[in-house]
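Reading the structure
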Amino acid sequence: MLTAKNISKNFGEIKVLDNINLNVEKGSIVSIYGSSGAGKSTLLYILSTLDKPDKGEIQIDNLSISELKGDKLSDFRNDKVGFIFQFHNLLDEFNVLENVCLPGYVSSSNNSDTENKAKELLKELGLSSRLNHKPNQLSGGEQQRVAIARSLINSPEIIFADEPTGNLDAKNSKTFIELIKKLNKKMNQTFVIVTHNKEFIKISDKSYTIQKGKLN
Ligand SMILES: Nc1ncnc2c1ncn2[C@@H]1O[C@H](COP(=O)(O)OP(=O)(O)OP(=O)(O)O)[C@@H](O)[C@H]1O
Ligand SMILES: [Mg+2]
């Protein structure tokens, strides 16, 4: 479903990614480990089409991402891809329910379906009593769970997650890891997760480590 070929990325003198190849099969869970500064976020941004490599190419569903431009690229992202960022990027002026619904409003004409689905996801993530809170009225872990619900609203085929349990306590981490496993089984959704949390190994079909620009 996703193929990365010969991906390299430098930031000035810093060689962050050095000729990385990765193949992610549809319906699989892939986790990528690495120390702070190893290039995990950089790699995830490139794999998820949000950033461009200096060299190499990304194909999703046999479509070369570099060939998608403008509206085509944004439609592709909105419909097929879910993102959970290391920093949550929630919109401060919207409440929890609205933040989760926004990508759904863009891609679906049925707002009440979107809202019901959002409520369902938020319930699963233990946030039913926070629907009207604004992001600045939430704890870090609650914000993270809102971002998780938002990433799932359009039932994307592939979800990219950057340290998704970084702000969660052990109990909420476990809930999230179980939710991923459940969605993966039920909806055959594909997950690519970069993290320090070794608990993800248990549910991963493949695990890699990024070190000195290489993926092993
Ligand atoms: N826009 C940028 N300009 C210059 N250097 C950058 C930029 N983005 C990242 N870097 C550098 O590239 C390296 C990899 O950064 P990256 O964010 O991918 O690390 P990471 O593995 O996600 O780390 P962490 O676990 O701390 O989130 C770091 O040394 C960082 O300082
Ligand atoms: Mg990072």
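Here's what I pulled together on the structure shown here. (Residues numbered from 1 in each chain as written. Chains lettered and ligands numbered in written order. Predicted model: local features only at pLDDT ≥ 70, side-chain atom pairs only at ≥ 80, totals over all residues. Heavy atoms only, no water.)

Digging into the site of ligand 1
Going by this rule: Any residue with a heavy atom lying within 4 Å of a molecule or strand is counted as near it. A 3.5 Å cut-off defines polar contacts: any pair of N or O atoms within that distance qualifies, except that in protein one atom must be a possible hydrogen donor and the other a possible acceptor, and neighbouring residues in sequence count only when both atoms are side-chain atoms. All accessible areas in this document rest on Shrake-Rupley with a 1.4 Å probe, and a residue is counted as covered only by the protein chains that are shown. Secondary structure elements follow DSSP: runs of H or I no shorter than four residues count as helices, runs of E no shorter than two count as strands, and numbering proceeds from the N terminus. All residues other than Ala, Val, Leu, Ile, Met, Phe, Trp, Tyr, Cys, Pro, Asp, Glu, Lys and Arg, Gly among them, are scored as polar; the first ten of these are nonpolar and the last four charged.
Around ligand 1, the neighbouring residues are F11, V16, S35, S36, G37, A38, G39, K40, S41, T42, Q86 and H196. A distance of 2.6 Å separates an oxygen atom of ligand 1 from a polar side-chain atom of T42. At 3.4 Å from an oxygen atom of ligand 1 is found a side-chain nitrogen or oxygen belonging to H196. Contact with the protein chains covers 60% of the free accessible surface of ligand 1, which is 640 Å². Ranked by the residues each element gives to the shell around ligand 1, the list is headed by helix 1 (residues 40-47), at 3 residues. The residue makeup of the shell around ligand 1, split by class, is 3 nonpolar, 8 polar and 1 charged.

So, the nonpolar core
Quick reminder of the rule: Take the buried Ala, Val, Leu, Ile, Met, Phe, Trp, Tyr and Cys residues and link them wherever side-chain atoms come within 4.5 Å; each set so joined is a nonpolar core. Only protein chains enter the accessibility calculation, which uses a 1.4 Å probe; a residue is then buried when its area is under 20% of its type maximum, exposed when over 50%, and partly exposed in between. Pairs of residues are marked as contacts when any of their non-hydrogen atoms sit within 4.5 Å.
Within the largest apolar cluster, 33 residues are counted, with the highest numbers of intra-cluster contacts made by L122, I180 and F200. Secondary-structure elements contributing two or more residues to this core are strand 3 (29-33), helix 3 (96-107), helix 4 (111-124), helix 5 (140-152), strand 7 (158-162), helix 6 (170-187), strand 8 (190-194) and helix 7 (200-203). When sequence neighbours within four positions are dropped, the list of residues in contact with F200 reads S31, Y33, P164, T165, F176, I177, I180, I193 and T195. Judged by nonpolar contacts, the second largest core, of 32 residues, contains V16, V30, I58 and I60.

Digging into the pairing of strand 2 (residues 14-24)
Spelled out, the test is: At least two bridges found by DSSP between two strands are what make those strands a pair.
When strand 1 (residues 2-11) meets strand 2, the two strands line up antiparallel, connected through 7 bridges. By the bridge assignment for strand 2, F11 is matched with I14. Between strand 1 and strand 2, which follow one another and run antiparallel, lie 2 residues, and G12 among them has a positive phi close to 60 degrees.

Considerations on the side chain of T165
Among the structural elements, T165 can be located in the loop between strand 7 and helix 6. For T165, a relative accessible area of 6% corresponds to the buried category. Among the polar contacts made by the side chain of T165, one reaches the side chain of N197 at a distance of 3.0 Å. For T165, the residues in contact, after removing those within four places along its chain, are Q144, S173, F176, T195, N197 and F200.

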